[in-house]
Amino acid sequence: MKMKKRPNILLTGTPGVGKTTLGKELAQQTGLTYINIGDLAQEGQLYEGYDEEYQCPILDEDRVVDELDEKMVEGGVIVDYHGCDLFPERWFHIVFVLRTDNTQLYTRLESRGYTGKKLQDNVQCEIFQTIYEEAMEAYSEEIVHQLPSNTPEDLERNLEQIVNWTEQWMKDHN
Ligand code: DAT
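Now for a look at the structure at hand.

Rules used in this analysis
Residues numbered from 1 in each chain as written. Predicted model: local features only at pLDDT ≥ 70, side-chain atom pairs only at ≥ 80, totals over all residues. Heavy atoms only, no water. Pairing = 2+ DSSP bridges. Helix = DSSP H or I, 4+ residues; strand = E, 2+ residues; numbered from the N terminus. Axes fitted to C-alpha atoms, helices over the stretch in contact; angles between N-to-C directions. Contact = heavy atoms within 4.5 Å. Salt bridge = Lys/Arg side-chain N within 4 Å of Asp/Glu carboxyl O. Buried < 20%, exposed > 50% of the residue type's maximum accessible area, 1.4 Å probe, protein only. Arc of directions from axis to C-beta. Polar contact = N/O pair within 3.5 Å; in protein donor to acceptor, adjacent residues only side chain to side chain.

1. Focus: the sheet that holds strand 2 (residues 33-36)
Then comes step 1: Reading across from one edge, 2-5-1-6-7 is the order of the 5 strands in this open sheet, with parallel pairing throughout. The outermost strands of the open sheet, each flanked by one partner alone, are strand 2 and strand 7 (144-148). Shown here is a sheet whose adjacent strand axes are inclined to one another by a mean of 20 degrees, direction ignored.
Then comes step 2: In terms of strand pairing, strand 2 meets strand 5 (residues 77-80) through 4 bridges, oriented parallel. In the strand pairing of strand 5, Asn 36 is matched with Asp 80.
Then comes step 3: Docked against the sheet, helix 1 (residues 19-30) engages strand 1 (9-12), strand 2, strand 5, strand 6 (94-99) and strand 7, running at close to 170 degrees with respect to strand 5.

Encoded structure:
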């Protein structure tokens, strides 16, 4: 008996835009598996050094990709990460770039404890739409979608839209 085919979804965007909030809820509603790359790296210590400027470990991208490849080929995974050009293009059927207004993002990151350069650089990353451009470079433009993520209403709308997309994808591919 063949397993039902399920899509892989990438949720990306600047830290604080709401990827984790959306991803976990989405996993509950669709039954897909939620994977947070930050947590995965932490658990497996998938690092290759330490960034003194940002005071954080540097992700070992090759090991992250190796670790996940088998699962991704199987399908049915929601990946959450604030970058997107480290993953093989073939992994994802759709890519969502969450977007948040910068005043709003500033407040969210401040309450997460970000200060100084780290806070400023992340807000600037959003203003310059760095991750959106990264996604448009790394994936076929037709599969890259921006989603506003400012309010609880945005969250509800995004959820509904992605749940519907997932159901349609499964009808089309099974
Ligand atoms: P990320 O995973 O992108 O870093 P998060 O899911 O941890 O972001 O969310 C950061 C904060 O913003 C958290 O306190 C929840 C809040 N938040 C997320 N999505 C939101 C939305 N659509 N409207 C209002 N607040 C939101």
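2. Description of the pattern of salt bridges
Then comes step 1: All told, the structure shown has 6 salt bridges when counted by the stated rule.
Then comes step 2: Between Lys 117 and Asp 121 there is a salt bridge, with its nearest N and O atoms 2.9 Å apart. Residue Lys 117 and its partner Asp 121 are both found in helix 5 (residues 116-127); the two are separated by 4 residues, about one turn of the helix.
Then comes step 3: The structure contains a network of salt bridges with shared partners spanning Glu 53, Lys 117 and Asp 121.

3. Observations regarding helix 2 (residues 37-44)
Then comes step 1: Regarding helix 2, the residues found buried are Ile 37, Leu 40 and Ala 41. Angularly, the buried residues of helix 2 cover 95 degrees about the axis, an arc narrow enough to put them on a single face.
Then comes step 2: For helix 2, the capping residue at the N-terminal end is Asn 36, with a side-chain oxygen 3.0 Å from the backbone nitrogen of Gly 38.
Then comes step 3: Within two residues after helix 2, Gln 45 carries a phi angle of roughly 50 degrees, on the positive side.

Read these as spatial facts, not as claims about activity.
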